[in-house]
Amino acid sequence: MKPWLHLARISNLPTVWTNVTAAWLLAGGTFTDPRLYWLILAGSLLYTGGMILNDAADVKFDREHRKGRPIPSGQVSLNTAWIVSIAMLIVGATLATWFGANPRITAILVAAIVFYDLYHKQWSGSVIIMGACRMLLYLMAASAAPAAALPAAVALGCYVVGITIAARLEHKNGALPAASSMLALGLLYTPGIVFVMRFASPGGYSMQIVILAAFAILIAYATQMLRKGGAAIGQAVGTLLAGIAIVDALAVSTVSVTLALGFVALTPVLRLWQRWVAAT
């Protein structure tokens, strides 16, 4: 199973669970509603299918630059990867709509996943599509009241675009250009800015300040790593991917501070998990 876990970048999967849960709660859902858990399963299938499809679409590049990946190394056949990824996307979308997700949002999410996987190497602007995938995942889970989750969804999308800009240079072993660095940094801080402007409680809660501080520390640490360039970019990207849980913590802290702190505690666990299954 390990080659499949690498294909799925399984160490990032819990951030899908936090995305769906946060969006669901922001839209007024509850933990007692079984639809939440079906949507988590649907989101997991959409994420995993998209990750496997990414490798299937990138096989030509990987055969030249990443020969150790599961498909070029022969651990997983290309045809099987195509079949499994497409089946996961279909089943995930079907489950999502069956259990209450908006069909249009779900269809656009699947289209964004497929478009990114097929064209991200050819079009530099596809970083926006990657951010849109996470934003649409949020809106899919919050279909009952998408407007309530929209600010958090947009903030998450911007954050993921920032990660993707940095990740594009990971395989080049070079330093992040100044312009790209500034753009990525601005996008990475978006969730914190949105939280302060939109979500922070007027009276202020000490635990919310702790969560915001954890987010700021995460970005500051990742920024230092990005500036080093080379292999440090990969470490920064892994840290930022694990930090998606903290982005969700910022959003959900207005609904449940306890759950938000649990999301924060999940971040270092995900970082450790990345040592076993690479995040990128």
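Residues numbered from 1 in each chain as written. Predicted model: local features only at pLDDT ≥ 70, side-chain atom pairs only at ≥ 80, totals over all residues. Heavy atoms only, no water.

Engineer: Explain the overall build of the protein chain to me, please; I cannot follow it from the model alone.
Structural biologist: A tally of helices and strands in the protein chain yields 14 helices and zero strands. Helices (α) and strands (β) of the protein chain occur, in sequence order from the N terminus, as α-α-α-α-α-α-α-α-α-α-α-α-α-α. In terms of overall size, the protein chain behaves like a compact globule, its C-alpha atoms giving a radius of gyration of 18 Å where 280 residues would be expected to give roughly 19 Å. For the protein chain, the spread of C-alpha atoms along the principal axes amounts to about 55 × 45 × 30 Å. Here the protein chain holds 280 residues, and 55% of them are scored as buried. Summarising the internal contacts of the protein chain: among those between residues at least 6 apart in sequence, 74% fall at separations of at least 24. Accessible area for the protein chain stands at about 12300 Å²; split by element, carbon and sulfur atoms hold 68% of it. (Helix = DSSP H or I, 4+ residues; strand = E, 2+ residues; numbered from the N terminus. Rg over C-alpha atoms; globule rule 2.2 N^0.38 Å. Buried < 20%, exposed > 50% of the residue type's maximum accessible area, 1.4 Å probe, protein only. Contact = heavy atoms within 4.5 Å. Areas by Shrake-Rupley, 256 points an atom, 1.4 Å probe, with all protein chains shown as cover.)

Engineer: Just checking my understanding: could you explain the state of the cysteines for this structure?
Structural biologist: Per the stated rule, a full pass over the model turns up zero disulfides. Here C133 is not disulfide-linked; the sulfur of C158 is the nearest cysteine sulfur, at 14 Å. Its relative accessible area of 23% is what places C158 among the partly exposed residues. (Disulfide = S-S within 2.5 Å.)

Engineer: Got a minute to help me understand the packing of helix 2 (residues 13-26) against helix 7 (residues 126-141) in this structure?
Structural biologist: Packed helices, taken two at a time, are described by the angle their axes make and the gap between the axes. Their axes nearest at 7 Å, the elements helix 2 and helix 7 cross at an angle of 45°. The orientation of helix 2 relative to helix 7 falls into the category oblique. The element helix 2 and its partner helix 7 pack so that their crossing is right-handed. Every residue of helix 7 that contacts helix 2 at T15, V16, N19, V20, A22, A23, W24 and L26 is listed here: R134, L137, Y138 and A141. Taken together, the residues of the contact of helix 2 with helix 7 break down into nine nonpolar, two polar and one charged. (Axes fitted to C-alpha atoms, helices over the stretch in contact; angles between N-to-C directions. Parallel < 35°, antiparallel > 145°, perpendicular 65-115°, else oblique. Left-handed = near helix turned anticlockwise from the far one by under 90°. Nonpolar A, V, L, I, M, F, W, Y, C, P; charged D, E, K, R; others polar.)

Engineer: It is not clear to me how the environment of S73 should be interpreted in this structure. Could you clarify?
Structural biologist: Tracing the backbone through its elements, the reader meets S73 in the loop between helix 4 (59-65) and helix 5 (78-98). Assessed through its relative accessible area of 35%, S73 is described here as partly exposed. Along the sequence, S73 and D62 sit eleven residues apart, while their C-alpha atoms lie 9.4 Å from each other. Once residues within four sequence positions are removed from consideration, S73 is found in contact with K67 and G68. There is a polar contact of 2.8 Å between the side chain of S73 and the backbone oxygen of R69. (Polar contact = N/O pair within 3.5 Å; in protein donor to acceptor, adjacent residues only side chain to side chain.)

Engineer: Can you walk me through the nonpolar core in this structure?
Structural biologist: For soluble globular proteins, nonpolar side chains are generally found buried alongside one another. Counting 81 residues, the largest nonpolar core has V20, L46, L109, Y138, M140, Y159 and I219 as the members making the most contacts within it. When near neighbours in sequence (up to four residues on either side) are disregarded, L109 contacts L46, C133, L136, L137 and M140. Core analysis: the second largest hydrophobic core is formed by seven residues, L7, A56, V59 and I71 among them. (Core = buried A, V, L, I, M, F, W, Y, C linked by side-chain atoms within 4.5 Å.)

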